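Close look at the chain arrangement
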Amino acid sequence: MLLSIPLISPCFWHQRIQSGDLGSHMYNAWLARLVERHEISGVTVVRQWTNVLFDTLALHTANAFGFAAAERIVVSFCVLLFFWGSFCFLASVSGRPPWSLTPFLFVLAYSYAFHMGFMNYYLSLGLAFLALAAAGQGGAGNWLVAGGVGAVSLIAHPIGFAFFLGAALYLGLSKKLHGSWRWSLPVLGVLVLLYVRRFLAMRPEWDADWANRRKIFDIFGIDQMKLFGDRYAWLATMAFAWALLAGFIFLYDWIFRRERPQSVFQAAVELYLLSVIAIKCLPENVRFRGDGAWAGLLGSRLTLITAVLGVLLLAWVRFRRWHLLGSCAIATAFFAFVYVDTGKLDRMEAHARELVTELPLGQRIVAVAKPPAGWRIPFVYHSIERACIGRCFSYGNYEPSSAQFRVRAVPGSSFVVSSDFKAQAIVRGDYVVQQSDLPLVSIYQCDATDWTRLCATELRAGSKTGKPD
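My aim in this report is to walk through the structure given alongside it, one point at a time. Positions within a chain are numbered from 1, following the residues in the order the chain's sequence is written. Whole-chain, interface and lining totals are the exception, using all residues; otherwise, since this is a predicted model, local features are given only for residues with pLDDT of at least 70 and side-chain atom pairs are given and counted only at 80 or more. To get the side-chain values, take all heavy atoms of the structure and skip hydrogens and water.

1. A closer look at the sheet that holds strand β8 (residues 454–458)
The pairing criterion for strands is at least two bridges between them, as found by DSSP. Note on conventions: DSSP H or I runs of at least 4 residues are helices, E runs of at least 2 residues are strands, and numbering of each starts at the N terminus. Judged by pairing direction, the sheet is mixed, and its four strands sit side by side in the order β5-β4-β7-β8 without closing on themselves. With one partner strand each, in any of the chains shown, β5 (392–394) and β8 form the two edges of the open sheet. Strand-to-strand, the axes of this sheet are offset by a mean angle of 30 degrees, without reference to chain direction. Pairing analysis gives three bridges linking strand β4 (residues 363–368) to β5, with the strands arranged parallel. Pairing of I365 across the sheet is with S394, part of β5. Helix α14 (residues 321–356) rests against β5, β7 (441–445) and β8 of the sheet, and its axis sits at about 35 degrees to β8. Note on geometry: axes are lines fitted to C-alpha atoms, helical ones only across the stretch in contact, with angles between N-to-C directions running from 0 to 180 degrees. Pairs of residues are marked as contacts when any of their non-hydrogen atoms sit within 4.5 Å.

As structure tokens, then:
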């Protein structure tokens, strides 16, 4: 409890939780409720087997407590699950509770994946780590629990489930194999990843984006700390240097004090290196259908797994007091930066709520907002869409047209566009409004000196969504 209470405190810092796609998830949960109550047409809710767990939890919790409370409840649950799932995974593999590593786990709980709002992916990883912790204890009962929790991770997101299967198989085989067969395991893992890369590259009908502008050290997991500007990059570099210093301490103890690590340490190192190779082998974005939406930012998501596996390697280090104080200082600086920057996003959403209260009930709007230069979190406009809950409809919201979520747009819908390309053009601000789109109101940034200030303007045919007349 002493750790859990401060862990979820960032979920209560501001009026609303500022986390990229989260605003869109909550807005679409509201749309799903309207569909269930038959209060809206042109939008439908479909059954699907993955990428739905967070949205389902949000909807049912909102039906019981309202959307504002549901957001805090469900997101807090996800944070607790990710943190303690990771904690249990580290404890299970290393053989001891990683209390000295909690500052790093605190940071990873609120890292890039969280602030991008990849809530289904984030939830699936928490479940996957928890399932791996159960599997690591051995025994039929623990494996049954691991299989059940792993299956639930698939309902959240397929990446978490795939990681659970791969890591559980790898850790299990590493304990069974010996001699040359044991060394064939990492070789086989590399060959599988290279085959996956070749398989994707040989299919031009899948529009894969292999451009990787990630800096060399980012593939080791430190990019999860890079959020809102350059100061996070400096902080991430400090954290990486601190981790390397811990690694040198480990090598010193190994060489001079003859403190050999457990055999499972080799498997942990191999998993970490395989996760790094996976980031280089997989495309950053891929489109499986020409008219479909991107399955995006795969490498940027996977570095969260790499970061947790990197923290796992530190579980064998004998931390000195000064090393623990340093990691606490880095975590404190990180959360201080996050508090300030998410506060700016909260002010922008407060302005959006003021604007939508002045609009006619049921008004269609387009949300066009961009973050300051240097920010790595681009989806700030989803906060404007969340302000629409109960008041208006976001015409360019991407989820219904992407065909990747439960809520889907029906062609010809008057509440949301059914084309992913059109939705992307609307939020970019370069979509030319047609007569059939009207009436439509643009909520956009209108103050060059304060990007959190918003204005609302009724659009006309021929104007662009990002440059109202």
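Moving on from the coordinates now.
2. Re the layout of surface pockets
Points on a 1 Å grid over protein atoms alone make up a cavity when a 1.4 Å probe fits among them but cannot get out, and a pocket when they form an open set with protein on both sides within 12 Å along at least five of seven lines; lining residues each have an atom within 4 Å of a point. Grid points are joined across faces, edges and corners, and a volume is the space filled by probe spheres set on the points. Of the volumes computed, that of the second largest pocket is approximately 730 Å³. Taken together, 31 residues make up the lining of the second largest pocket; nearest its centre are F240, A243, Y272, G310 and L314. Within the residue set of the lining of the second largest pocket, elements represented by two or more residues are α5 (102–109), α11 (230–256), α12 (264–281), α13 (298–313) and α14. Broken down by element, the lining of the second largest pocket gets its largest block of residues, eight residues, from α11.

3. A closer look at the nonpolar core
What we call a nonpolar core is a set of buried Ala, Val, Leu, Ile, Met, Phe, Trp, Tyr and Cys residues that are connected through their side-chain atoms within 4.5 Å. Relative accessibility under 20% of the residue-type maximum defines a buried residue, over 50% an exposed one, and the middle range a partly exposed one, all with a 1.4 Å probe and only protein chains included. Residues F89 and F334 are the most contacted members of the largest nonpolar core, which totals 142 residues. With 13 residues, the top contributor of residues to this core is helix α4 (residues 67–94). Beyond its immediate sequence surroundings of up to four residues, F89 is in contact with F129, L132, A133, L171, V308, L309 and L312. V417, A423, I426 and L440 belong to the second-largest nonpolar core, a separate cluster that totals ten residues.

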